[in-house]
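# Architecture at a glance
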Amino acid sequence: MDSSSGAGDLGAAVADPQLQRFIEVETQKQRFQQLVHQMTELCWEKCMDKPGPKLDSRAETCFVNCVERFIDTSQFILNRLEQTQKSKSAFSESLSD
């Protein structure tokens, strides 16, 4: 069996736009699941004193606030990273002019 044919198949797969899109979507799903897991773990540790059959109003309010702050913080970080990336791109473009 020729090992070079396997590498050629991989190159063709990487060049397939449908496969690339599928991989991008699956990667986004994985990132989202990781964020949900992080948020759940963080808010559970912060808000849940003693698990019971029902959430009391204090724990419920804590969970709502925790989730909102987590989302706000994540959005802030993403926006900041985008700004940083844009400013680096603009700086690189100005150097090449």
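Preceding this section is the structure that the text describes.
It should be emphasised that the depicted structure is a prediction, and the values quoted were computed from it without experimental measurement. (Residues numbered from 1 in each chain as written. Predicted model: local features only at pLDDT ≥ 70, side-chain atom pairs only at ≥ 80, totals over all residues. Heavy atoms only, no water.)

## Observations concerning the state of the cysteines
Tallied over the entire structure, the rule returns two disulfides. A disulfide bridge connects Cys 43 with Cys 66, and the sulfur atoms are separated by 2.0 Å. Across the S-S bond linking Cys 43 and Cys 66, the dihedral sits near -90°, which makes this disulfide left-handed. Of this pair, Cys 43 sits in helix H2 (residues 17–47) while Cys 66 sits in helix H3 (residues 57–96), placing them 23 residues apart in sequence. Bridging Cys 47 to Cys 62, the disulfide has an S-S length of 2.0 Å. Taking the sign of the S-S torsion, -75° for the link of Cys 47 and Cys 62, the bridge is left-handed. A residue pair is termed long-range when its members are at least 10 positions apart, and Cys 47 in helix H2 and Cys 62 in helix H3 qualify at 15 residues. Accessibility assignment for this pair places Cys 47 and Cys 62 in one class, buried. (Disulfide = S-S within 2.5 Å. Helix = DSSP H or I, 4+ residues; strand = E, 2+ residues; numbered from the N terminus. Buried < 20%, exposed > 50% of the residue type's maximum accessible area, 1.4 Å probe, protein only.)

## Side note on the packing of aromatic side chains
Enumeration over the complete set of coordinates arrives at one aromatic pair. Consider the rings of Trp 44 and Phe 63, whose centres lie 6.3 Å apart with planes at 45°: the pair is tilted. Here the residue Trp 44 occupies a position in helix H2, and Phe 63 occupies one in helix H3, the gap between them amounting to 19 residues. Among the residues examined, Phe 63 registers a relative accessible area of 18% and is labelled buried. (Phe/Tyr/Trp six-rings, centres within 6.5 Å; stacked < 30°, edge-to-face > 60°.)

## Considering the nonpolar core
By size, the foremost hydrophobic cluster in this structure holds eight residues: Met 39, Cys 43, Cys 47, Met 48, Cys 62, Phe 63, Cys 66 and Phe 70. Those elements that place two or more of their residues in this core are H2 and H3. It is H3 that provides the largest number of residues to this core, a total of four residues. Ignoring sequence-local partners within four residues, the contact set of Cys 66 consists of Leu 42, Cys 43, Lys 46 and Cys 47. (Core = buried A, V, L, I, M, F, W, Y, C linked by side-chain atoms within 4.5 Å. Contact = heavy atoms within 4.5 Å.)

## Overview of the layout of surface pockets
Its boundaries defined by the atoms lining it, the largest pocket holds a volume of some 260 Å³. Lining the largest pocket, in full, are Phe 32, Leu 35, Val 36, Gln 38, Met 39, Phe 70, Ile 71, Ser 74, Gln 75, Ile 77 and Leu 78. Among the elements of the structure, H2 and H3 are those that each provide at least two residues to the lining of the largest pocket. Ranked by the residues each element gives to the lining of the largest pocket, the list is headed by H3, at six residues. Considering only residue class, the lining of the largest pocket consists of eight nonpolar, three polar and no charged. (1 Å grid on protein atoms, 1.4 Å probe; cavity = no way out; pocket = protein on both sides within 12 Å on 5 of 7 lines; lining within 4 Å. Points joined across faces, edges and corners; volume = space filled by probe spheres on them. Nonpolar A, V, L, I, M, F, W, Y, C, P; charged D, E, K, R; others polar.)

Geometric descriptors of this kind do not, in isolation, establish any biological role.
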